[in-house]
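# Secondary and tertiary structure notes
Spelled out, the chains give:
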Amino acid sequence: MTRTAPARATDLAGLPPAFVDVGSAETFRDEDVAYASRLWQAGGQAELHVWPGGFHGFDMMAPQAAISQEARAARVRWLKRLLG
C-alpha cells in the first residue's frame with residue numbers, strides 16, 4: 001500500500017474511516033469522489049462532501065463564508081462521531 005498517497009494504492013481494504021470533502025470547482029474533485037467510492041467498494045467507511053461552488057482552499061481563503069463555516073462544522077461533527 002502507498003502510505004504517502006492512499007488514492008494511488010491498489011488495495012484500500014483495512015484503511016481507517018475517512019472524511020473526504022472537496023469543492024465542486026476543485027481541480028481534484030473527480031479524484032476525491034473516486035477515492036471515496038473505492039473506499040466503499042473495499043468495504044471501508046467514508047463520509048463524502050462535495051461543496052457546491054467550492055474551489056481549492058475555499059474554506060481558508062474565505063473563512064467567514066457560509067459554505068466555509070458549514071464545511072468546518074461538518075468536519076467537526078464527523079470527528080465527534082468518530083471519536084465518540
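All of the points below concern the structure found in this document.

Quick notes on the rules
Residues numbered from 1 in each chain as written. Predicted model: local features only at pLDDT ≥ 70, side-chain atom pairs only at ≥ 80, totals over all residues. Heavy atoms only, no water. Helix = DSSP H or I, 4+ residues; strand = E, 2+ residues; numbered from the N terminus. Areas by Shrake-Rupley, 256 points an atom, 1.4 Å probe, with all protein chains shown as cover. Lys, Arg positive; Asp, Glu negative; His and termini not counted. Charge placed at Lys NZ, Arg CZ, Asp CG, Glu CD. Pairing = 2+ DSSP bridges. Right-handed = clockwise from strand over helix to strand, strands pointing away. Core = buried A, V, L, I, M, F, W, Y, C linked by side-chain atoms within 4.5 Å. Buried < 20%, exposed > 50% of the residue type's maximum accessible area, 1.4 Å probe, protein only. Contact = heavy atoms within 4.5 Å. 1 Å grid on protein atoms, 1.4 Å probe; cavity = no way out; pocket = protein on both sides within 12 Å on 5 of 7 lines; lining within 4 Å. Points joined across faces, edges and corners; volume = space filled by probe spheres on them. Nonpolar A, V, L, I, M, F, W, Y, C, P; charged D, E, K, R; others polar. Polar contact = N/O pair within 3.5 Å; in protein donor to acceptor, adjacent residues only side chain to side chain.

### Side note on the overall build of the protein
Helix and strand counts for the protein stand at three helices and two strands. Structurally, the protein occupies a C-alpha span of about 40 × 35 × 20 Å along its principal axes. Only carbon and sulfur atoms are counted for the fraction: they give 57% of the accessible area of the protein, which is about 5,600 Å². On the protein, the mean spot of the 9 positive side-chain charges and the mean spot of the 9 negative ones are 6 Å from each other.

### Some points on the pairing of strand β2 (residues 46-51)
When strand β1 (residues 18-23) meets β2, the two strands line up parallel, connected through six bridges. When the sheet's bridge partners are listed, alanine 18 is paired in β2 with alanine 46. Taken together, β1, helix α1 (residues 29-41) and β2 constitute a β-α-β crossover, and its handedness is right-handed.

### With respect to the nonpolar core
One finds Ala9, Leu12, Leu15, Ala18, Val20, Tyr35, Ala36, Leu39 and Ala46 forming the largest nonpolar core, which totals nine residues. Elements with a minimum of two residues in this core: β1 and α1. Broken down by element, the residue count for this core peaks at three residues, all from α1. Those residues within four positions of leucine 39 in sequence are excluded, and the remaining contacts are Leu12, Leu15, Ala18, Gly44 and Ala46. With six residues, the next largest nonpolar core counts Phe19, Phe58, Ala71 and Ala74 among its residues.

### Looking at the layout of surface pockets
Its boundaries defined by the atoms lining it, the largest pocket holds a volume of some 170 Å³. What lines the largest pocket is Ala7, Phe19, Val20, Glu31, Asp32, Ala34, Tyr35 and Arg38. Taken together, the residues that form the lining of the largest pocket break down as five nonpolar, no polar and three charged.

### A few points about the side chain of serine 68
One can find serine 68 in helix α3 (residues 66-83). Within polar-contact distance, the side chain of serine 68 engages the backbone oxygen of alanine 62 at 2.7 Å. Apart from residues no more than four positions distant in its own chain, serine 68 is found in contact with Phe58, Asp59, Ala62 and Pro63.

### Remarks on the side chain of histidine 49
Secondary-structure assignment places histidine 49 in strand β2. Those residues in contact with histidine 49 that lie beyond four places of it in its chain are Phe19, Val20, Asp21, Val22 and Ala74.

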